[in-house]
Amino acid sequence: MLLLLGRRVPLSFVHRLTTCCPSSLSRPVLLSSALIKLRAITRVTHSTVFVSAASQNTGTMPERRPFVRLPTDVYPVNYGLCLKPDLIDFTFEGKLEALVEVTQATNQIVMNCADIDIITASFAPQGGEEINATGFNYQNEDEKVTLSFPSALQKGSGTLKIDFVGELNDKMKGFYRSKYTTSAGEIRYAAVTQFEATDARRAFPCWDEPAIKATFDIALIVPKDRVALSNMNVIDRKPYPDDENLVEVKFATTPIMSTYLVAFVIGEYDYVESQSSDGITVRVYTPVGKAEQGKFALEVATKTLPFYKDYFSVPYPLPKIDLIAIADFAAGAMENWGLVTYRETALLIDPKNSCSSSRQWVALVVGHELAHQWFGNLVTMEWWTHLWLNEGFASWIEYLCVDHCFPEYDIWTQFVSADYTRALDLDALDSSHPIEVNVGHPSEVDEIFDAISYSKGASVIRMLHNYIGDEDFRKGMNAYLLKFQHKNASTEDLWDCLEQASGKPIAAVMGSWTKQMGFPIIVVDQEQQGDDRILKISQKKFCASGPHNGEDCPSWMVPISICTSEDPKCTKLKVLLDRPETTITLSGVSPDQWIKINPGTVGFYRIQYSSSMLESLLPGVRDLSLQPVDRLGLQNDLFSLSRAGMISTVEVLKLMEAFVNEPNYTVWSDLSCNLGVLSSLLSHTDFHEEIQEFIRDLFTPIGLELGWDSKPGEGHLDALLRGLVLGKLGKAGHKPTLEEARRRFRDHVDGKQVLPADLRSPVYLTVLKHGDSGTLDTMLKLHKQADMQEEKNRIERVLGAISAPDLIQKVLNFALSEEVRPQDTVSVIGGVAGSSKQGRKAAWKFVKDNWEELYNRYQGGFLISRLIKLTVDGFAIDKMAAEVKSFFESHPAPAAERTVQQCCENILLNAAWLKRDADDIHQYLLQRKAPPV
C-alpha cells in the first residue's frame, strides 16, 4: 500500500470495532442505520503509542491486552465466495463455501469477522452428513466469531458454508461505498474494497492473517449496466435468474494468496488497454469519459512489468493486471493482486492540465504497487512485524523502476530529499521506534504504517543494495522469491538469501538498523602525514536534542564510503565501521584535496566534520564539483545539527548563501524546505520579515534566470524548479513576482490565457497569500468548476495561505463542507496551519472545536495522525506542548498516540532552538544588510 507521507501519505488503517448482533432470524438483519451514517474514513497510516524507555530499543510495543492469533486446527484451502451488493440501500448479501482442512478434531471453528451478521452456517465432511452450527459467538473487540457445532468435526477435508449479510460502509475500509457524480450530475455509488491490513473480515468471514493463504473463486451479482472486477479475469457472465436487471459474473481461480490482497470493484468505468512485452493484458480503468487520462499510467505499467520480470528473474504470475481510480480512497494506492486500486490523483494524468510533479507521482505509485505483485503478493510477510520489508522494499524499488522508465527525472537525487532526510528527521526523535516492531492486535498494526516502515525502510535497503552490489543483490532476491513463492517469509529469510549470494554478514549488519531505533552521527577529523591523510572516525547515536551522551550508547554496523576531490563520483575506500571509533589511512591524497564521507548520500547517518574539513568542502558547493546529492546532504546535515544545538544556525545561513549558483532542482527543493522550517520558527519573533528578505535575496538570481515561461529544450526538472522558485519568491513577497502572478491569474480567470499546469500552484499560492476576500471567492469558484481531482487538490492545498482572520475561518469551514472529499479535508486544515502564525492558532482551535466530527471521520489510522501532525508540529512555545498533551489525554486517539508524543517533542525542540539561536540569527540578518563601514 502506498502512504502519503508528507509528499505522500503514509497510509494505514483504522479499525472501528462495532458490535455485530448474531441474528437468529431467517431474514437478513441489517446493521443499524446510525452506523451507516457515520462518515468515518480510514486506512491511512501510521502511528504508535507512548513507549517506555525500556521498550524503546527492543522493538516491542507498550503493553496491550493479550492478543491471540487464530487457532490452527481448521484452515482454508479454497474460498468459494459469492457477493451481492445493493448500491441503493448500501448492504450486501454473501454466500461462502470454503473447502477446509480439519487438522485435529474440534467442535468449533474460530474465524475473523467484523460488522457482519451470519445467518446460517454448516459443515459437511467429505462424503459425510452436513452438520448445522448451533451458535455464533462474536468476540467484537478481537474481531472474531466462534461457530459451535453439536458434535466434533473429525480430522480431514470438508466444506464450510456460511450465509451472511453486511453493510457497504462509508469508512473507506472493508467492502465500502465510493461516491461519484455522473456526467448528467446525478450522484451514484460504486462498491469497492480496501482490505489491508485487517479488513477482509468486514466483507466475508475468513482467516484474515497474512500467513493463512488459500485460493479464491469469486462471483459477484451486480446490476447488468455496471463493470465488475476482481483479482482474476472474468470466465463467465450470465443473467441472474431472480432479477432480469442483474448479472452473475464469475472470475477464474486465483493463485494461493493472503486475504488482505483480495479485491472487487462494482461501478461505472471506462478503460484503456495494452499488452506488456511479455504478453500480460494491462488495463487502466478511469471514471466514465476520462479514458484518455489513463494513458500515462498505462504506458508506465506496460514498461514496468517487464522491468520487474527481468530484475527478479521471475515472471508476473497472473494473466492480467488492472489499475483502477477510486473516487473515495484513504491511502495513495493498494497492491491487490491483479486489481490495483488508486486515488484518482495517483493514477490519472490529463495531458493539458496535469503538472510535472503529478506525472512523477503517478510513475512512482505505479512502480511501488507493481513491485508488490512480486514482493508482498507472491512472497508475503509471515506477520505484520515484517510489514516494513514489504513497504520499505517497494518504496526503494519504485525509484529504481522510475529511473529506468524516466532517466531524465534524476529520481535518485529526489529520493534523498523525499524519503531519506524525512526518515532521518523522524528517527532522531526520542519517540521514534525500530523498523521491526512486534505487533499483535489489529489496532496495533495501524501504528506501523509510517515514515519509519516506508522511508527509513527504503533508505536502509538502498544502503544494503549499495553495500552488496547490484549483481549479488539481484541473485539473492531471485533465490528468495523462488524459495518462498506462494508462501510466507520473515526479514531473516531475506537476509539469509542475500548473505548466501554475497558472502557478506548481512544479518549482523542489518540487525543493527532494523531492531533498534535511531541512527549514528559519524564524527570525522583528519591530519596530513606526507602523502597520507589520516582520518579519525567515531560514531554515537544522533538525537534531535543533541548527541547521545548517556552510558549505554547503542552502536551500529556502518558501511562507510570515502571519496576525494580527485574524483568526487568515485569511492576511494569502503570500510565497515563495527566499533565506536577507528582510524583510517588514505594514501596518495595531497594536502590540497578535500575528503568527503558518504558520497552519494547512501549511508543512513548524519556527519559532523571538523571545521577545517568542512571549510575545504565549501568551494565544492560553489563550483559544483561536489555531486548534487552530496551538496544537498551536506546542507541537510548542517541544518539538522543546528536544530540539535550542535552548531549555530548562523553557520547554516552562511552555507546557504554559497548555493547562489545552484542549478539542481532537488538541491533547491531541500534548501527551500529547510528555509520553510526556519521561516515558520521565526514567525514567533518580531523579525519574521528579515528572513523573508533573506529568502528573496537567495532565490532572486535563479528566478531571473528561469523566468516565467518554459524555453525550448527544457525538461521535467526545469518545470519543477520554475514552479518551486516562483512559489517561494511569491510567498516571500517579492514584488515583481507578485505583480506578474496577479496579472497571469487575472488572464487565467478571464479565459484570456490559461495558466500552464506547472505554474498554477505558485500563482494560486502567491495571489492568495497577498489576497483579499475577492481572491478567495474566485479561488473557491475555480475549485467548484474544476473537473479534475488534481486541480481541486491543488487549490485545496494553497487556500490556507490567505492572511485575514475571517477568511482563514472561512477556509477552515470549507474544509469540512461537502465540497471537499473526506480524504482531502486534512490537507486543507494542514495548509492553514502551515502558512502563518495566525493560521496555526486558528487551525488548532478549529481541530479542538470540531474534534468529535473529525475523530468520527478518521477514527484511527493514518489520516488522524496526519491531521494532528500538520496542525500542531509548528508551534514553538513550551506551554503549547503541555496544551497539546493535555487535550489528547482528555480526547484519546489511540492510533495517533505516538504522533502526539512526536509533536510534543518537536514543539519543545522548536522552543529550545528559538531560545538558543534567535538573537544570533537576528543579528546576522541585520548585519548582512548593513553598509560596509
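To be clear, the structure that these remarks concern was listed above.
This report concerns the structure included in the present document.

### Considering the overall build of the protein chain
At step 1: Of regular secondary structure, the protein chain possesses 28 helices and 30 strands.
At step 2: In terms of C-alpha radius of gyration, the protein chain reaches 28 Å, essentially the compact-globule figure of 30 Å for 933 residues.
At step 3: Structurally, the protein chain occupies a C-alpha span of about 100 × 65 × 55 Å along its principal axes.
At step 4: Each of the 933 residues in the protein chain was classed as buried or not, and the buried ones make up 63%.
At step 5: Across the protein chain, contacts joining residues at least 24 apart in sequence account for 73% of those joining residues at least 6 apart.
At step 6: For the protein chain, the exposed area adds up to about 33500 Å²; of that, 51% sits on carbon and sulfur atoms.
At step 7: Taking the average location of the 95 positive side-chain charges in the protein chain and that of its 119 negative ones, the two points are 3 Å from each other.

### Some remarks on the sheet that holds strand β17 (residues 281–286)
At step 1: The strand order β16-β17-β18-β20-β19 describes an open sheet built from five strands, whose pairing is mixed. Looking at the sheet topology across the chains shown, the edges are occupied by β16 (270–275) and β19 (333–334).
At step 2: Pairing of strand β18 (residues 320–326) with strand β20 (residues 339–343) involves five bridges; the strand directions are parallel. Looking at β20, one finds that I326 is bridged to R343.
At step 3: Sitting on the sheet, helix α3 (residues 295–312) touches β16, β17 and β18, and the angle it makes with β17 is about 155 degrees.
At step 4: Against the sheet, helix α4 (residues 356–372) touches β18, β19 and β20, its axis set at about 150 degrees to β20.

### Remarks on the packing of helix α20 (residues 773–785) against helix α21 (residues 789–798)
At step 1: Two numbers describe how α20 lies on α21: the axes approach to 8 Å, and their chain directions differ by 155 degrees. It follows from the interaxial angle that α20 and α21 lie roughly antiparallel. The element α20 and its partner α21 pack so that their crossing is left-handed. Listed contacts from α21 to M779, L782, H783 and K784 of α20 are K792, I795 and E796.
At step 2: Of the residues that constitute the contact of α20 with α21, the class distribution is three nonpolar, one polar and three charged.

### Notes on a nonpolar patch on the surface
At step 1: A contiguous nonpolar patch, built from Y75, V77 and L99 and spanning about 230 Å² of accessible area, is present on the exposed surface.
At step 2: With respect to the helices and strands, L99 occurs in strand β2 (residues 91–102).
At step 3: You can call L99 partly exposed: its relative accessible area is 37%.

### Quick word on the sheet that holds strand β27 (residues 573–577)
At step 1: The three strands are arranged β27-β26-β29 in an open sheet whose pairing can be described as antiparallel. A single partner strand is all that each edge strand has here, and the edge strands are β27 and β29 (595–597). Between one strand and the next, the sheet's axes are offset by a mean angle of 25 degrees, whatever the strand orientation.
At step 2: Pairing geometry for strand β26 (residues 558–564) and β29, over three bridges, is antiparallel. Residue pairing in the sheet places T564 in a bridge with I595 of β29.

### Notes on the nonpolar core
At step 1: By size, the foremost hydrophobic cluster in this structure holds 311 residues, and its most contacted members are L147, L160 and I597.
At step 2: Non-local contacts of L160, meaning those with residues more than four positions away in its chain, are made with L96, E97, A98, V100, I109, M111, S122, F123, L147, F149 and W207.
At step 3: In this structure, C82, A219, I221 and Y240 belong to the second largest nonpolar core, which totals five residues.

### Some thoughts on empty space enclosed by the protein
At step 1: This structure, assessed with the given rule, holds seven cavities of 30 Å³ or more.
At step 2: Quantified by volume, the largest cavity comes out at close to 90 Å³.
At step 3: T601, I607, G633, L634 and D637 are, among the 15 residues lining the largest cavity, the residues nearest its centre.
At step 4: Of all the secondary-structure elements, those providing two or more residues to the lining of the largest cavity are α6 (411–427), β30 (606–609) and α13 (628–643).
At step 5: For the lining of the largest cavity, the per-class residue count stands at seven nonpolar, five polar and three charged.

### Overview of the side chain of T666
At step 1: Counting through the fold element by element, T666 comes out in helix α15 (residues 665–682).
At step 2: With sequence-adjacent residues up to four places away left out, T666 is seen in contact with D410, T413, Q414, S417 and L632.

### Quick word on the packing of aromatic side chains
At step 1: Across all of its chains, the model carries 48 aromatic pairs by this definition.
At step 2: Residue placement shows R177 over the ring face of F90; its charged tip is 4.1 Å from the ring centre.
At step 3: Here the guanidinium or amino end of K504 rests over the ring plane of Y467, the centre of that ring lying 4.7 Å away.

So, how was this worked out
- Sequence order sets the numbering: in each chain, residues are counted from 1 along the sequence as written.
- Whole-chain, interface and lining totals are the exception, using all residues; otherwise, since this is a predicted model, local features are given only for residues with pLDDT of at least 70 and side-chain atom pairs are given and counted only at 80 or more.
- Heavy atoms throughout the structure, all of them, feed into the side-chain values; hydrogens and water do not.
- Under the DSSP-based scheme used, a helix requires at least four consecutive residues in state H or I and a strand at least two consecutive residues in state E, with every element numbered from the N terminus.
- Radius of gyration here is computed from C-alpha atoms only, and the compact-globule reference equals 2.2 Å multiplied by the residue count raised to the power 0.38.
- A simple rule labels every residue: compare its accessible area, found with a 1.4 Å probe on the protein chains alone, to the largest value its type can have, and call it buried under 20%, exposed over 50%, or partly exposed in between.
- Contacts are assigned to residue pairs with any non-hydrogen atoms lying within 4.5 Å of each other.
- Every accessible area reported is derived by Shrake-Rupley at a probe size of 1.4 Å, with residue values counting cover from the shown protein chains alone.
- Just so you know, the count uses Lys and Arg for positive and Asp and Glu for negative, and it drops His and the chain ends.
- All charge positions are set by atom: Lys at NZ, Arg at CZ, Asp at CG, Glu at CD.
- Paired strands are those between which DSSP finds at least two bridges.
- Axis definition: a line fitted to C-alpha atoms, over the contacting stretch in the case of helices. Angles run 0 to 180 degrees between N-to-C directions.
- Roughly parallel means an angle under 35 degrees; roughly antiparallel means over 145; roughly perpendicular covers 65 to 115; every other angle is labelled oblique.
- By the definition used in this description, the sense in which the near helix is turned from the far one sets the handedness, with an anticlockwise turn below a right angle giving left-handed and a clockwise turn giving right-handed.
- All residues other than Ala, Val, Leu, Ile, Met, Phe, Trp, Tyr, Cys, Pro, Asp, Glu, Lys and Arg, Gly among them, are scored as polar; the first ten of these are nonpolar and the last four charged.
- Patch building starts from residues that exceed 30% relative accessible area and form no salt bridge, then joins like charges within 9 Å and nonpolar side chains (Val, Leu, Ile, Met, Phe, Trp, Tyr) within 5 Å.
- Whenever Lys or Arg places a side-chain nitrogen within 4 Å of a carboxyl oxygen from Asp or Glu, that contact is recorded as a salt bridge.
- Residues enter a nonpolar core if they are buried and are Ala, Val, Leu, Ile, Met, Phe, Trp, Tyr or Cys, with the set joined through side-chain atoms within 4.5 Å.
- Residues are said to line a cavity or pocket when one of their atoms sits within 4 Å of a point; the points come from a 1 Å grid over protein atoms alone, cavities being sets where a 1.4 Å probe fits but cannot get out and pockets being open sets with protein on both sides within 12 Å along at least five of seven lines.
- Grid points are joined across faces, edges and corners, and a volume is the space filled by probe spheres set on the points.
- Two aromatic rings, drawn from Phe, Tyr or Trp (for Trp, its six-membered ring), form a pair once their centres lie within 6.5 Å of each other, and the interplanar angle then sorts them: stacked below 30 degrees, edge-to-face above 60, tilted otherwise.
- Here, over-ring charges are defined by two tests on the NZ atom of lysine or the CZ atom of arginine: distance to the ring centre within 6 Å, and angle to the ring normal within 35 degrees.

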